[in-house]
Amino acid sequence: KGDADRLGFQGAGARGLDPVGPPPLYQPQQGVGLAHLGPRKRVIEHRGGVRAGAERVFELLDMQPRVTDAPGAVEVVHPEGRIDIDHVSFAYGTGDGPIVLDDISLTIEPGEKIGLVGASGSGKTTLAFLIARFYDPFEGSVRIDGHDLRECRLRWVRNQVGLVLQEGVLFT
């Protein structure tokens, strides 16, 4: 049984996590509509979608991260906050996709505020994700106070960085 089955998404009649589910002996018959069930109709109609969604969540939880701590990873004591992006190139996937960033260099001094401006797909979010170490560049390095992020503890890096991504909901 998969994780979704163990959580009670076995199909019609399952009680699991669905307290509003159909009666235990309910068997849909071909040609019989669900209108007579009133509000329960939506629950039954969307049950397959819920199961598929639960299965996808468990697939994601079971995935192994590509970015992990290197042996001997460190935490920078009393970081000042200088960020150096040095000749960084990046492509999604295994690096064989289209190049998103090509030989980018940038220095952000402690306390300095910057804005990344560019066309959709130009790499602004990717650059922010590299600084937060959601990904590692396939060429070049991203450093905080001279320490390559690949040599720093991942949890420490993520505790140093805050991201606010543009969402249309925030601005409309």
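Look up a bit, the structure's there.
Given the structure is predicted, the values throughout are model-derived calculations rather than measurements.

Right, let's get into the overall build of the protein chain. Regarding its fold elements, the protein chain presents 5 helices and 4 strands. Burial status across the protein chain gives 26% buried among its 172 residues. Taking contacts inside the protein chain between residues at least 6 apart in sequence as the whole, the part at least 24 apart equals 56%. Summed over all atoms, the accessible surface of the protein chain reaches about 11900 Å², with 55% contributed by carbon and sulfur.

Here we take up the nonpolar core. Within soluble globular proteins, side chains that are nonpolar tend to cluster in buried spots. Of all hydrophobic cores here, the largest spans 16 residues; its most connected members are Ile83, Ile85, Leu130, Val142 and Trp156. For this core, the secondary structure elements donating two or more residues are β1 (83-91), β2 (99-108), α3 (124-131), β3 (139-144) and α4 (154-160). Sorting elements by how many residues they give to this core places β1 first, with 4 residues.

A few words now on empty space enclosed by the protein. For the structure shown, the criterion picks out 1 cavity of 30 Å³ or more. Taken as a whole, the largest cavity encloses approximately 30 Å³ of empty space. As for the largest cavity, its lining consists of Leu130, Arg133, Tyr135, Asp136, Pro137, Val142, Asp148, Leu149 and Arg150. Looking at the lining of the largest cavity, its residues break down into 5 nonpolar, no polar and 4 charged.

Next up on the list: the pattern of salt bridges. Per the stated rule, a full pass over the model turns up 7 salt bridges. Aspartate 86 is the partner of arginine 143 in a salt bridge, and the nearest nitrogen-oxygen pair spans 3.5 Å. Residue arginine 143 is found in strand β3, and its partner aspartate 86 is found in strand β1; the two are separated by 57 residues along the sequence. Relative accessible area serves as the criterion here: at 32%, aspartate 86 is assigned to the partly exposed category. In this structure, the salt-bridge partner of arginine 133 is aspartate 136, at a minimum N-O distance of 2.8 Å. The structure contains a network of salt bridges with shared partners spanning Arg82, Asp84 and Glu109.

Right, let's talk about the packing of aromatic side chains for a bit. A full pass over the atoms with the stated rule returns 5 aromatic pairs. Ring plane angle 85° and centroid distance 4.8 Å describe the contact between phenylalanine 90 and tyrosine 92, whose orientation is recorded as edge-to-face. Classification of tyrosine 92 by relative accessible area gives partly exposed; the value is 32%. The interplanar angle of 90° and the centroid separation of 5.2 Å between the aromatic rings of tyrosine 92 and tyrosine 135 together place this pair among those described as edge-to-face. Of this pair, tyrosine 92 sits in the loop between β1 and β2 while tyrosine 135 sits in the loop between α3 and β3, and the two are 43 residues apart along the sequence.

Here the focus is the environment of aspartate 103. Relative to the elements of secondary structure, aspartate 103 occurs in strand β2. In this structure, the C-alpha to C-alpha distance between aspartate 103 and aspartate 86, residues 17 residues apart in sequence, is 7.8 Å. Residue contacts for aspartate 103: discarding those within four places in its chain leaves His87, Val88 and Ser89.

Along the polypeptide, arginine 133 turns up in the loop between α3 and β3. For arginine 133, a relative accessible area of 3% corresponds to the buried category. Excluding anything up to four places from it in sequence, arginine 133 contacts Val67, Thr68, Leu149, Arg150, Cys152, Leu154, Val157 and Arg158.

Attention now moves to unusual backbone geometry. One non-glycine residue, histidine 87, lies in positive phi territory at about 50°. Along the chain, histidine 87 turns up in strand β1. One non-glycine residue, aspartate 103, lies in the positive phi region at around 55°. Judged by its relative accessible area of 44%, aspartate 103 falls in the partly exposed class.

About the criteria used
Residues numbered from 1 in each chain as written. Predicted model: local features only at pLDDT ≥ 70, side-chain atom pairs only at ≥ 80, totals over all residues. Heavy atoms only, no water. Helix = DSSP H or I, 4+ residues; strand = E, 2+ residues; numbered from the N terminus. Buried < 20%, exposed > 50% of the residue type's maximum accessible area, 1.4 Å probe, protein only. Contact = heavy atoms within 4.5 Å. Areas by Shrake-Rupley, 256 points an atom, 1.4 Å probe, with all protein chains shown as cover. Core = buried A, V, L, I, M, F, W, Y, C linked by side-chain atoms within 4.5 Å. 1 Å grid on protein atoms, 1.4 Å probe; cavity = no way out; pocket = protein on both sides within 12 Å on 5 of 7 lines; lining within 4 Å. Points joined across faces, edges and corners; volume = space filled by probe spheres on them. Nonpolar A, V, L, I, M, F, W, Y, C, P; charged D, E, K, R; others polar. Salt bridge = Lys/Arg side-chain N within 4 Å of Asp/Glu carboxyl O. Phe/Tyr/Trp six-rings, centres within 6.5 Å; stacked < 30°, edge-to-face > 60°.

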